[in-house]
Amino acid sequence: MQEKNKIIAIRQHIHRFPELSNKEFKTAEYISSIMMNLKPNRHISLGKTSRAFVFDGKEKGKNIVFRAELDALAILEISALGYRSLKQGVAHLCGHN
Amino acid sequence: MAILVALAEKIANNRPDKGSVAFLFQAAEEVEQGARDVVLHPNFSELNADYLFALHNIPGIAKDSIIMKRGSFAAASKGMTLVMEGKTAHAAELENGISPASAIAKIIKHTERLNTSKDLFMDLCFLSNYCRFFTIKYTLFLNTTTGLYLLFKVIGVVSISMLVLMNNKKTRFNMLLYSNVLLSVLFSFAVVLADRASFLPYIFMLGGVIVSLYIITMNGVLLEISGNENRALYTGFAGAGNILPMLFPLVAGGIIERWGYISFFAVFAIVVSLSAFFIYKIKCKK
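These notes cover the structure that comes with them.

So, how was this worked out
Residues numbered from 1 in each chain as written. Chains lettered and ligands numbered in written order. Predicted model: local features only at pLDDT ≥ 70, side-chain atom pairs only at ≥ 80, totals over all residues. Heavy atoms only, no water. Phe/Tyr/Trp six-rings, centres within 6.5 Å; stacked < 30°, edge-to-face > 60°. Helix = DSSP H or I, 4+ residues; strand = E, 2+ residues; numbered from the N terminus. Buried < 20%, exposed > 50% of the residue type's maximum accessible area, 1.4 Å probe, protein only. Pairing = 2+ DSSP bridges. Axes fitted to C-alpha atoms, helices over the stretch in contact; angles between N-to-C directions. Contact = heavy atoms within 4.5 Å.

1. Considerations on the packing of aromatic side chains
Item 1. Applying the stated criterion across every chain yields a total of nine aromatic pairs over all chains.
Item 2. Ring geometry for Phe53(A) against Phe25(B): centres 6.0 Å apart, planes inclined by 65 degrees, an arrangement best described as edge-to-face. Here Phe53(A) is found in strand β2 (residues 51–56), whereas its partner Phe25(B) is found in strand β1 (residues 18–26) on a different chain. Both residues of the pair, Phe53(A) and Phe25(B), count as buried.

If you want it as structure tokens, here you go:
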């Protein structure tokens, strides 16, 4: 339960601070700090904000990648949610958070 | 992103025996270019991916269910920006302007028709009208128009010169100077009060008249005042006057920047009016 609440808090934090395409600097920083806490074996920079975090096995084998997106949309969020966007005209309305 | 973080926590606590699991947080999915940038990035080969799962949520699907699809997940979107060139006009002279409004209306009407004619499409398509911005180019002060204004100035210069030449027996230079002061004050009022571009040629013509009249009368005055007293006065004027073309742009620019055009022309009108006093002091024979 505690685990679940932590994930929900992360989702809501990202929702509060959305960033537009190619400008996801704060989001990338935030995600990086969480992911680096999990001590991945490698982290790879794939552009200005795109990042990959790799957990290596002991032996060689198939490599699996899971991908999520960092960017939000240029839409004004109209909602009564406690964690609604704090940035005027930018919101995670595509669910990338 | 939160879903991936949750999965990453599980993987971090249960590291794979074979192979690797990577979590990729990709930029710019909304602008059809983020995935390509990542795949083309030189570091992408370090992932050496055998399988790549691109996660995205879909509204309307039961909670805790996962839907998988090979290949494309959604249709790509393609933007099109139309730039229209209009022409500005004063509200009282709308017929001189070109408004993009009717063109926009036609475009919207036609795209709606495209959208409803599904037989035109090979695949599932949706066309939406999204007016982001329209660029209206201002054509008011293009070079050709500026040239036209200068032509009006030349017309002013030539016409007043002809007028003075024809009446040279009757003209008194101090009277010409007085009228020049009056015209200059009128000029500054005209500049401030002109609220439409069609007035500008006449203002330039008036400017031409003033410049021409000034040159004629100052030379005339030089001929007229040959007394010792006046000669010294004129030399003083001319000497002080030489510094004006240097000071004028600096002072004028400063006033315009700090207090605006109206203040500048007010100061201009006051200074010009004061010159009437000096004209009074000059003793002309004629």
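2. A few points about the sheet that holds strand β2 (residues 51–54) of chain B
Item 1. If you trace the five strands from one edge of the open sheet to the other, you get β1(A)-β2(A)-β1(B)-β3(A)-β2(B), paired in mixed fashion. Two strands in the sheet have a free side with no partner beyond their single neighbour: β1 (42–45) of chain A together with β2 of chain B. On average, each strand axis in the sheet is inclined to that of its neighbour by 20 degrees, with strand direction left out of account.
Item 2. Across the sheet, helix α2 (residues 25–37) of chain A touches β1 and β2 of chain A together with β1 of chain B, and the angle it forms with β2(A) is around 10 degrees.
Item 3. Relative to β1(B), helix α1 (residues 2–13) of chain B is tilted by about 155 degrees, and along the sheet it contacts β2 and β3 (59–69) of chain A together with β1 of chain B.

3. With respect to unusual backbone geometry
Item 1. Positioned with a positive phi, Asn22(A) is a non-glycine residue whose angle comes to about 70 degrees.
Item 2. You can see Asn22(A) is positioned in the loop between α1 (2–16) and α2.
Item 3. For Asn22(A), a relative accessible area of 24% gives the class partly exposed.
Item 4. Of note in this structure, Ala28(B) is not a glycine but carries a positive phi near 50 degrees.
Item 5. Its location among the elements puts Ala28(B) in the loop between β1 and α2 (34–40).

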